[in-house]
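Observations on chain architecture
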Amino acid sequence: MTRPALRSLDDALPWLLAQARVLTATQQVSTFEADGRVLAQAVISALQVPPQDNSSMDGYAVRAADCAQPGAVLRVTQRIPAGTYGTPLNQGEAGRIFTGAPIPPGADAVVMQEDCEALGSDQVKVTQAVPLGQWIRRSGEDVTRGATVLTQGTRLTPAELGLAASIGLAHLTVAPRPRVALFSTGDELVMPGAVAPEAMAPGAIYNSNRFFLRAMLQRLGCEVTDLGIVPDQREATVAALRNAAAQHDLILTSGGVSVGEEDHIKPAVEALGELNLWQLAIKPGKPFAYGKVNREAQGSACHFMGLPGNPVSSFVTFLLLVRPFVLALQGATQTQVARTEMTAHFDWPRADKRREFLRVKRNAQGGLDLFPNQSSGVLTSAAWGDGVVDNPAGQTIAKGDTVRFVSFAEWLA
Ligand code: AMP
Ligand code: MG
């Protein structure tokens, strides 16, 4: 019997993102609290930034024509600290001015104090010739009135919070946080803290996936309900899925989606809704599943994503598939992370039928080193590495080859 070809990531991902209808109930949040949230509305400026022409130096506001030659002596007639507004400046006059203070009417240049000599308290000698417009920051050079400062779908970062604040916005309209129910399957799993390492029963392992999955969901703006560990039983799995569907936008599970007899996730999702995707041509991460769990009482359905149990498979499929999906639920315009071309400082002589994601680290020579053990169970590879090589199916790599690199820092930001 020939098995059907696995679905490719390039084929599955656009389809998956098309399933993610943007959550509609927008929220107003304090600009202080908006880091990492996705703008549900464009931000348009009602004012110019800076509001007036102002000085970019501590020094003297002058009329450039008065200082065409070095050595001009001017009368100091006013003092303009930041936060105040000066009076008109006449010919032959200078105004003592400080960084950020508005340029007084009549002045058209600033001389920095290092280029001046004070002569007593009310006169200044300008030692250099002064070009028109020198050291003036123009009104609107940062933001003009009516400009779209941030577009809808922007995932906010600290610089953007500052920019929003600079146009006076104390609140921003953002997409709601996706409500995600997270649970692990596996009778072998034990929570750290529940049993000491020396007391672990034979066959037991600690639940590691739950820790990085929860952290990654939270970084992506999700509200996580941690439903703990669900036993490897059909009824328990069905019950957990059914209950979670009612109150969440997405159910995310790890483990139990392979082909073993103890893998109950797939039949449970099929019993409660539909399984639309199962198995992708990627390594690690082949058993990835997507489906919908019906909310019986509400006549709607909750998204379901099932990640493989092997920690590295879980980690990588989260970044490849769950991350863009939860960003799409928030209406983010940017859901993908760029690949950078880099040089392999390693050999990978065995081509795989599946597209591979190899854990690597940038070295001091500007190339990539490979973690020696690429097993999907070895989580050290993800902690040691600072990204992956996205290696096409059927491709070997020789030292010196150009490969596509994706950095964890960018992916996890
Ligand atoms: P499964 O996908 O359930 O067949 O699990 C594949 C492998 O991943 C098995 O060796 C499991 O013990 C391991 N595994 C499953 N879930 C977790 C988890 N939450 N944390 C660490 N290892 C896990
Ligand atoms: Mg299992």
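Above this text sits the structure in question.
Residues numbered from 1 in each chain as written. Chains lettered and ligands numbered in written order. Predicted model: local features only at pLDDT ≥ 70, side-chain atom pairs only at ≥ 80, totals over all residues. Heavy atoms only, no water.

In this section: the sheet that holds strand E13 (residues 179-185). Pairing is mixed in the open sheet, where 6 strands are placed in the order E16-E13-E17-E21-E20-E18. Each having just a single partner strand, strand E16 (223-230) and strand E18 (273-278) make up the two edges of the open sheet. Within the sheet, the average angular offset between the axes of one strand and its neighbour, ignoring direction, is 20°. Bridge analysis of E13 against E16 gives 6 bridges, and the strand direction is parallel. Of the residues in E16, the one forming a bridge with alanine 181 is threonine 225. Packed onto the sheet, helix H5 (residues 265-272) meets E13, strand E17 (250-254), E18, strand E20 (289-295) and strand E21 (300-307) and runs at close to 135° relative to E18. (Pairing = 2+ DSSP bridges. Helix = DSSP H or I, 4+ residues; strand = E, 2+ residues; numbered from the N terminus. Axes fitted to C-alpha atoms, helices over the stretch in contact; angles between N-to-C directions. Contact = heavy atoms within 4.5 Å.)

Looking now at the packing of helix H1 (residues 9-19) against helix H6 (residues 311-329). Two quantities define a packed helix pair, namely the angle between the helix axes and the distance between the axes. Packing of H1 against H6 leaves a shortest axis separation of 9 Å and a crossing angle of 25°. Between H1 and H6, the angle is such that the two are roughly parallel. Of the two possible hands of crossing, H1 and H6 adopt the one that is right-handed. Contacts between H1 and H6 involve Leu9, Leu13, Leu16, Leu17 and Gln19 from the first element and Leu320, Leu321, Pro324, Phe325 and Ala328 from the second. Of the residues contributing to the contact of H1 with H6, the split by class is 9 nonpolar, 1 polar and no charged. (Parallel < 35°, antiparallel > 145°, perpendicular 65-115°, else oblique. Left-handed = near helix turned anticlockwise from the far one by under 90°. Nonpolar A, V, L, I, M, F, W, Y, C, P; charged D, E, K, R; others polar.)

Turning our attention to the nonpolar core. Core analysis: the biggest nonpolar cluster contains 45 residues, and Leu16, Leu252, Phe288, Met305, Phe318, Leu321 and Val322 have the highest contact counts within it. Residue assignment for this core shows that the elements contributing at least two residues are H1, E13, helix H3 (209-219), E17, E21, H6 and helix H8 (408-412). Per element, the largest residue contribution to this core is 13 residues, and it comes from H6. Residue contributions to this core reach at least three from each of two domains, namely domain 1 (9-23 + 177-329) and domain 4 (340-411). Those residues in contact with leucine 252 that sit more than four places away from it in its chain are Val180, Ala181, Leu182, Phe183, Leu217, Met305, Leu307, Phe318 and Val322. By size, the runner-up hydrophobic cluster in this structure holds 19 residues, among which are Val230, Ala240, Ile251 and Ile265. (Core = buried A, V, L, I, M, F, W, Y, C linked by side-chain atoms within 4.5 Å. Buried < 20%, exposed > 50% of the residue type's maximum accessible area, 1.4 Å probe, protein only. Domains from an automatic or database assignment.)

With that settled, consider the site of ligand 1. As a matter of local geometry, ligand 1 sits amid 16 residues, with Glu188, Asn207, Ser208, Gly256 and Gly309 nearest to it. Within the backbone of asparagine 209, an N or O atom sits 3.4 Å from a nitrogen atom of ligand 1. Within the backbone of asparagine 310, a nitrogen or oxygen atom sits 3.1 Å from an oxygen atom of ligand 1. Taking 480 Å² as the accessible area of ligand 1 by itself, protein coverage stands at 78%. (Near = heavy atom within 4 Å. Polar contact = N/O pair within 3.5 Å; in protein donor to acceptor, adjacent residues only side chain to side chain. Areas by Shrake-Rupley, 256 points an atom, 1.4 Å probe, with all protein chains shown as cover.)

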